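Overview (structure and organization)
Residues per chain are reported as follows:
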Amino acid sequence: VQLQASGGGLVQAGGSLRLSCAASGRTFSTYSMGWFRQAPGKEREFVAHISWSGGHTYYADSVKGRFTISRDNAKNTVYLQMNSLKPEDTAVYYCAARLRGAAMRVDEFGYWGRGTLVTVSS
């Protein structure tokens, strides 16, 4: 599967953005999907995960209650709705896919898209 993230940009603190990740291929619904982010000088970190059906979601504590992951298997797309953004959310955001269940480690995902930059100004 090939992935392409989009939707990043510059937003003020307290604002919202919605990221999209479009996947190629006819088997998108068999993959569980994750969002990760990497801030300058920091390691890539887990943000959110959604199961292949969309029935189960998991979030990093730092984004719980502010971010929502969702997917539309008919459109081969996974989304990350980000509300109440903070300057510390500034990072390049990546979507990733794996054929198995829930995971939060970078090395557990075999497929990655190019990132999209989110900048939150104070």
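For the structure given in this document, a descriptive report is provided here. Keep in mind that this is a model prediction, so the values were computed, not measured.

**Observations regarding the nonpolar core**
Formed by 34 residues in total, the largest nonpolar core has its most connected members in Met33, Trp35, Leu80, Met82 and Tyr93. Contributions of two or more residues to this core are made by strand E1 (3-6), strand E3 (17-23), strand E4 (32-38), strand E5 (45-50), strand E7 (67-72), strand E8 (77-82), strand E9 (91-98) and strand E11 (116-121). When residues of this core are assigned to their parent elements, the largest contribution, five residues, is made by E9. In this structure Met33 touches Leu3, Cys21, Phe28, Ala48, His49, Ile50, Ile69, Arg71, Val78, Ala96, Ala97 and Phe109, once residues within four positions along its chain are discounted.

**Here's the deal with the pattern of salt bridges**
Counted under the stated rule, the structure contains six salt bridges. The salt bridge involving Asp89 is made with Arg37; its shortest N-O contact spans 2.9 Å. Highlighted residues: Asp89 in the loop between E8 and E9 and Arg37 in strand E4, separated in sequence by 52 residues. Under the relative-accessibility criterion, Asp89 is labelled buried at 1%.

**A few points about the sheet that holds E1**
The strand order across the open sheet formed by four strands is E1-E3-E8-E7, and the pairing between neighbours is antiparallel. Of all the strands in the sheet, just E1 and E7 have a single pairing partner and so form its edges. Here the average twist between neighbouring strands, direction ignored, is 15°. One ladder, built from four bridges, connects E1 with E3; its direction is antiparallel. Within the sheet, the bridge partner assigned to Leu3 lies in E3 and is Ala23.

**Topic: the environment of Thr27**
For Thr27, the location among the structural elements is in the loop between E3 and E4. On the accessibility criterion, Thr27 (42% relative accessible area) is partly exposed. As a C-alpha pair, Thr27 and Ala97 span 70 residues in sequence and 11 Å in three-dimensional space.

About the cut-offs
Residues numbered from 1 in each chain as written. Predicted model: local features only at pLDDT ≥ 70, side-chain atom pairs only at ≥ 80, totals over all residues. Heavy atoms only, no water. Core = buried A, V, L, I, M, F, W, Y, C linked by side-chain atoms within 4.5 Å. Buried < 20%, exposed > 50% of the residue type's maximum accessible area, 1.4 Å probe, protein only. Helix = DSSP H or I, 4+ residues; strand = E, 2+ residues; numbered from the N terminus. Contact = heavy atoms within 4.5 Å. Salt bridge = Lys/Arg side-chain N within 4 Å of Asp/Glu carboxyl O. Pairing = 2+ DSSP bridges. Axes fitted to C-alpha atoms, helices over the stretch in contact; angles between N-to-C directions.

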